[in-house]
Amino acid sequence: QVQLIESGGGLVQAGDSLRLTCSASGGSFSTYAMAWFRQAPGKERAFVAGIGERMRGGRTSYTDSVKGRFTISRDNGKNTVYLQMNRLKPADTAVYYCSLERPVLPTIWGQGTQVTVSS
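Residues numbered from 1 in each chain as written. Predicted model: local features only at pLDDT ≥ 70, side-chain atom pairs only at ≥ 80, totals over all residues. Heavy atoms only, no water.

J.: Account for the state of the cysteines, naming residues and giving values.
T.: By definition, a disulfide links the sulfur atoms of two cysteine residues through a covalent bond. One pass over the full model with this rule turns up 1 disulfide. Between C22 and C98 runs a disulfide, and the two sulfur atoms are separated by 2.1 Å. In this structure, the disulfide formed by C22 and C98 twists by about -80 degrees around the S-S bond and is classed as left-handed. Of this pair, C22 sits in strand β3 (residues 18-25) while C98 sits in strand β9 (residues 94-100), placing them 76 residues apart in sequence. (Disulfide = S-S within 2.5 Å. Helix = DSSP H or I, 4+ residues; strand = E, 2+ residues; numbered from the N terminus.)

Below, the structure written as structure tokens:
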């Protein structure tokens, strides 16, 4: 049973950068698509970035508001996925969650890591 743990969040100023890390325990996620979601106060959890599984070439996708600023990547050998966030804005403030997409069973979620961006 794979478990996901996010880390790397914190309090930063607008324009700063952070790199979030999602580490898996209990198994490998090399054959699964991975994604980052975020949930701001009072709003629904929303997609941020995704990266495909190895057999599909590890293709990436991003929500429009982070394109050009965020980069998702994965290191299958370390069972780790990253979200590099540059030029952060106050609107990026949210709890960020890592997810593992499964073909039949429900998506696996991490516990979340708080990102707060002040102006």
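Moving on, there is more to tell.
J.: I'd like a rundown of the sheet that holds strand β8 (residues 80-85), residues and numbers included.
T.: Across the sheet, 4 strands lie side by side as β1-β3-β8-β7; this open sheet has antiparallel pairing. The open sheet has two free edges, formed respectively by β1 (3-7) and β7 (70-75), since each of these has just one partner strand. Taken over all neighbouring pairs, the strand axes of this sheet differ in orientation by 15 degrees on average, direction set aside. Pairing analysis gives 5 bridges linking β1 to β3, with the strands arranged antiparallel. Across the sheet, the residue bridging to Q3 is S25, located in β3. (Pairing = 2+ DSSP bridges. Axes fitted to C-alpha atoms, helices over the stretch in contact; angles between N-to-C directions.)

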